[in-house]
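Understanding the architecture of this molecule
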Amino acid sequence: MTADAPTIVATSGGLRPGSRTRLEWSGLVHHAVDLAGVSGRAPRLVHVGTAGGDQRWFQAELSEAARVAGFDLTHLNLFPMPSVADPAELLASADVVWVGGGSVAGLLAMWRLHELAGAFRAAWEAGVVLAGVSAGSLCWHVGGPTDSFGPDLRLVTDGLALLPYGNGVHYDSEAGRRPLVQRSVAAGDLPLTYCTDDGVGLVYRGTELVEAVTDVAGKGAYRVERDATGAVPRAVETRLDPRLLG
């Protein structure tokens, strides 16, 4: 099964401390799996860790988390070379593609070097749920604030733009991100921008934001758009689903 419409779950979350493993997949990832419509078998997840340099030790943690969750997890590595002969075929075979955090600038450069931008679009259009955290959220959008270039936040504006919006991640936990989003939208450097507190995910069907969900009580999502006075942030109704809680 695949989603019945192109679907993206763009988050500032996805992992939580485990009980018998160091990490577990959080409710946001389980929600992405639900949106893929999988039944009768283990959900197939492809993890793409390009933004973090394809760290094998971290992949082992995620594999343990997948075992606990009942997911069939495969890692797509690009360092030191692609881990499969046909990355596009692997992406197309997934129910959910989960992109990890790290350097969104490095991620985009490596994906373009390996000609994967079209493969992600094709998978999305075929109903594979694209999802991810931080860099794995920004990448689907036009762009947004990043620390890819150093400790002083800068904009990246060459995202895959499957979604025609800006994106702000870690909106409540990293003090510089909120003002940079608002300045950038006011200046016209970013279009309408959707932002997430830690623990919140944005669910898009096609290119329409259909809901914001959270697995952490009290967290929210925000819409920042330009008007005659500058950038105006507005809260987006965010659903706390008890089924997503740990």
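Small disclaimer: the values here were computed from a predicted structure and weren't measured.

1. A few points about the environment of Leu62
Checked against the element boundaries, Leu62 lands in helix α2 (residues 56-69). Each C-alpha atom, one on Leu62 and one on Ala221, is 26 Å from the other, the two residues being 159 residues apart in sequence. Sequence-distant contacts of Leu62, that is, excluding residues within four places in its chain, are made with Leu15, Trp25, His47, Leu73 and His75.

2. Looking at the pairing of strand β11 (residues 193-196)
Both faces of the sheet carry side chains from a regular strand, because those side chains alternate between them. Of the two faces of β11, both are covered, the one formed by Thr193 and Cys195 as well as the one formed by Tyr194 and Thr196. Pairing analysis gives three bridges linking strand β10 (residues 166-168) to β11, with the strands arranged parallel. In the strand pairing of β11, Gly166 is matched with Thr193. The parallel pair β10 and β11, bridged by helix α7 (residues 177-187), forms a crossover whose chirality is right-handed.

3. Some details on the environment of Ala36
Secondary-structure assignment places Ala36 in helix α1 (residues 27-36). Owing to a relative accessible area of 0%, Ala36 belongs among the buried residues under this scheme. Spatially, the C-alpha atoms of Ala36 and Tyr165 are 23 Å apart, while their sequence positions differ by 129 residues.

4. Describing the pattern of salt bridges
For the structure shown, the criterion picks out ten salt bridges. Here Arg22 makes a salt bridge to Glu61, at a shortest N to O gap of 2.9 Å. Here the residue Arg22 occupies a position in the loop between β2 (15-17) and β3 (23-25), and Glu61 occupies one in helix α2, the gap between them amounting to 39 residues. Classification of Arg22 by relative accessible area gives partly exposed; the value is 48%.

5. Focus on the packing of aromatic side chains
In the structure shown here, the tally under the stated rule is nine aromatic pairs. Centre to centre, the rings of Trp25 and Trp98 are 6.0 Å apart; their planes meet at 80°, and the pair counts as edge-to-face. Linking Trp25 in strand β3 with Trp98 in strand β6 (residues 96-99), this pair joins segments that are 73 residues apart in sequence. For the pair Trp25 and Trp98, one class covers both residues: buried. On the basis of an interplanar angle of 65° and a centroid distance of 5.6 Å, the ring pair of Trp57 and Phe58 is categorised as edge-to-face. Grouping aromatic residues by their ring pairs yields a cluster made of Trp111, Phe120 and Trp140. The ring of Phe149 carries the charged tip of Arg154 above its face, separated from the ring centre by 4.1 Å. The lysine or arginine in question, Arg178, covers the ring of Tyr222, its NZ or CZ lying 5.4 Å from the ring centre.

6. Describing the nonpolar core
Val97, Trp111 and Trp140 are the most contacted members of the largest nonpolar core, which totals 41 residues. Residue contributions to this core peak at five residues, all from helix α4 (residues 104-113). If sequence neighbours within four positions are ignored, Trp111 has contacts with Val48, Thr50, Leu78, Val99, Leu116, Ala117, Phe120, Cys139, Trp140 and Leu160. Within the second largest apolar cluster, 22 residues are counted, among which are Val33, Ala36, Leu45 and Val133.

7. Some points on unusual backbone geometry
Note the cis peptide between Phe79 and Pro80, where omega equals -5°. If you trace the backbone, Pro80 turns up in the loop between β5 (72-76) and α3 (87-93). Although it is not a glycine, Asp54 sits at a positive phi angle of roughly 55°. Turning to its location among the elements, Asp54 is positioned in the loop between β4 (44-48) and α2. Residues other than glycine seldom take positive phi values, yet His170 does so here, at roughly 50°. Along the chain, the position of His170 falls in the loop between β10 and α7. Using a relative accessible area of 13% as the deciding quantity, one classes His170 as buried.

8. Looking at α4
Spacing of three or four residues puts side chains on the same side of an α-helix, whose turn is 3.6 residues. Taken together, the buried positions of α4 are occupied by Val104, Ala105, Leu107, Leu108, Met110 and Trp111. If you follow the buried residues of α4, they end up packed against β4, β6, α5 (117-125), α6 (135-138), β8 (144-146) and β9 (154-156). Of the residues one or two after α4, Glu115 is the one with positive phi, at around 55°.

9. Digging into α5
Among the residues making up α5, those that are buried are Ala119, Phe120, Ala123 and Trp124. Along the long axis of α5, the arc covered by the buried residues comes to 135°, so they all point the same way. Among the structural elements, β1 (7-11), α3, β6, α4 and β7 (129-133) are those in contact with the buried residues of α5. Count one or two residues on from α5 and you reach Gly127, which has phi positive near 105°.

Basis of the calculations
Residues numbered from 1 in each chain as written. Predicted model: local features only at pLDDT ≥ 70, side-chain atom pairs only at ≥ 80, totals over all residues. Heavy atoms only, no water. Helix = DSSP H or I, 4+ residues; strand = E, 2+ residues; numbered from the N terminus. Contact = heavy atoms within 4.5 Å. Buried < 20%, exposed > 50% of the residue type's maximum accessible area, 1.4 Å probe, protein only. Pairing = 2+ DSSP bridges. Right-handed = clockwise from strand over helix to strand, strands pointing away. Salt bridge = Lys/Arg side-chain N within 4 Å of Asp/Glu carboxyl O. Phe/Tyr/Trp six-rings, centres within 6.5 Å; stacked < 30°, edge-to-face > 60°. Lys NZ or Arg CZ within 6 Å of the ring centre and 35° of its normal. Core = buried A, V, L, I, M, F, W, Y, C linked by side-chain atoms within 4.5 Å. Arc of directions from axis to C-beta.

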